[in-house]
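Working through the structure, step by step
Each chain, written out:
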Amino acid sequence: MQTFQSGVGTETFRSRTQLINTSSLVYANKFGDKHDVEVGAYFEAIRGFSKGFGFNAFLLDPRLFGTTQGAGALPNSGTTTVQNVGSARSGFGIRSYFGTGRYTYNNKYTLTANIRRDGTSRILNVANDEITTYSVGAIWDVIKEGFMDRQNLFSDLKVRASFGKVPDINSIPGGSYGISGGGIYTIPNYLAAQQPAFNPTTGFAGSSITGITPTVANNNLRMEYVEKTNIGVDMAMLKNRLRVTVDLYRNVTRDLFVQQQLPAPSGFGGGSLQVNAGSMENKGIELSISGDLVKTKDIDLTLGWNHNINKNEILDLGQVSEYPSGTGIIKEGLPFGTHYSQNYLGADPATGAPLYETADGKTTTDFGQAGLFHKFGTWLPMHIGGFTLDFRYKRFSLSALFSYQFEVYRYNNVESWTTRGTPGFGNAVNQNRILLTEQWQKPGDVKYYASPLFDRQFTAADIQDAKFLRFRSLNMNYQIPQINADGTRLIKGARLYVQAQNLFIWSPWRGLDPEDDNNISLQEFPNPRAVVVGIDINF
């Protein structure tokens, strides 16, 4: 007779397909010596499909290796757990019409404009599923002005400006369908926030009557859009030896999706409803500089640097001014991605209990009395940049790329597990060796980590500085010239190369990898270090 230990079979798969079709009609012509016109009409359609299937099978028949045929129901405390299977499928469509226009006068002044109409099935209400947006821009090629002939500093100089509205279809909130097979894959549910689902329940207070309850949904959502303003300058100096690009931008998201908290009398107390009620601003500067320090027949040396400073701010949230969201807070005047947590202060020297800051600035060992604060930064970096080096000596060339970010903070959840120090965590995962010296053991100890008798909880103690400098790539090449033997060409040429990725990283972050696009580092695989050596031969 088989038991639960006879085995379990689990399998799941997911397929995704996306079809894109773009059609265009473009007319371009020059009139005389000074007028250059181009207009275009475009149509684009995108269709996406997702499908998944999975199952769990218990009580396998060991005689049928490699199959779940013959699996039986799983005994469980006098009852039986039947085999389970799950599947789901979904899709979406996007249809876009847009027109573009450009007029250039005398190769100096250029005006551009476009208008577009986008529609998507990801908006349920047919009255809101389309949006019209536009943009206009201008470019002044200053270097071609007559007054620039009298100077020899600039070899290129352009001034750019643009303004427009852009739809943000990918921001439309949704959900997912779970499928059996270990929960590895899910299938997108694009209309989850707009179309209620119904679940069976026996949870009606004071009654044994069963029924179904709907989930919270808003069928009047519409697309967010972003108003983009940009002013830029492109410069080249010293006969193109020094190149500089500067862009100032301000992007304001309108009709921002906001979670409106629902009161208890609504029947959805504690729940929230997605509504278009907010606005958010991103503004900053993008700077790019590159220069040829050495440029000769045999030697080239070029250095480059780029840096982006972005300041994010929530401007408006409609009927509310703030609301918690996961481990963060959405609050007017603060950047998106702001952490919101209790402030852990270390172990109480007398008892070893965890100490927290209260809302009025005092200390407490009662987690329920600890205040929530938004003074721990944001997981979206304010500064992002990198620098490059390109070097050539005759047939040998080398290029290197470094990247960095700072003013960014993330939860290190892996370290949280390994430093909580309680028996529950100690029995589940290996503990951090820092507990050998920094965990409270006896009265009078001044330590950061609390006694193993207490759980410090998930707090700002786990928020760490995620800034870094990464040696992202190194490429080395040697060009091998033509090789002849007895007047016969063996090879026309060859290239011997070494390519390396993610060689080193310097960071105060104590986890596996500080670089990610979310607030919590949990189980993400770090950027792998890779080295490739090869040769390309041209016969």
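Heads up: these notes are all about the structure in this document. Predicted model only: the values in this text are computed from it and were never measured.

A cluster of nonpolar residues, Leu293, Val294, Ile299, Leu303, Leu389 and Tyr393, forms a patch on the protein surface that exposes about 450 Å² of accessible area. The set of elements that each furnish at least two residues to the nonpolar patch consists of strand 15 (272-295), strand 16 (299-316) and strand 24 (383-393). Summarising the element assignment, Leu293 is placed in strand 15.

Our next topic: the pairing of strand 1 (residues 8-31). Two elements, strand 1 and strand 2 (residues 35-58), share 24 bridges in a ladder whose sense is antiparallel. Looking at the pairing, Val26 lines up with Gly40 of strand 2. Hairpin remark: strand 1 followed by strand 2, antiparallel, with 3 residues in the connecting loop; positive phi at Gly32, about 70°.

A few words now on the nonpolar core. Among the nonpolar cores identified, the biggest contains 13 residues, and Phe92, Ile94, Ile169, Ile172 and Met223 are the most heavily contacted of them. Other than its neighbours up to four places away in sequence, Ile172 contacts Thr120, Arg122, Ile123, Gln194, Met223 and Phe257.

Let us now look at the environment of Val429. Residue placement: Val429 occurs in the loop between helix 2 (423-428) and helix 3 (435-438). Classification of Val429 as partly exposed rests on a relative accessible area of 28%. For the pair Val429 and Thr418, spaced 11 residues apart in sequence, the C-alpha to C-alpha distance is 6.6 Å.

Our next topic: the pattern of salt bridges. As enumerated under the stated definition, the model contains 28 salt bridges in all. A salt bridge links Lys467 to Asp465; the nearest nitrogen and oxygen atoms lie 3.8 Å apart. Salt-bridge contacts for Glu515 lead to Arg472; the nearest nitrogen and oxygen are separated by 2.9 Å. Here the residue Glu515 occupies a position in the loop between strand 31 (493-506) and strand 32 (520-521), and Arg472 occupies one in strand 28 (residues 468-480), the gap between them amounting to 43 residues. When its relative accessible area of 26% is taken as the criterion, Glu515 is described as partly exposed.

Criteria and cut-off values
- Residues numbered from 1 in each chain as written.
- Predicted model: local features only at pLDDT ≥ 70, side-chain atom pairs only at ≥ 80, totals over all residues.
- Heavy atoms only, no water.
- Patch = residues over 30% accessible without salt bridge, like charges linked within 9 Å, V, L, I, M, F, W, Y side chains within 5 Å.
- Areas by Shrake-Rupley, 256 points an atom, 1.4 Å probe, with all protein chains shown as cover.
- Salt bridge = Lys/Arg side-chain N within 4 Å of Asp/Glu carboxyl O.
- Helix = DSSP H or I, 4+ residues; strand = E, 2+ residues; numbered from the N terminus.
- Pairing = 2+ DSSP bridges.
- Core = buried A, V, L, I, M, F, W, Y, C linked by side-chain atoms within 4.5 Å.
- Buried < 20%, exposed > 50% of the residue type's maximum accessible area, 1.4 Å probe, protein only.
- Contact = heavy atoms within 4.5 Å.

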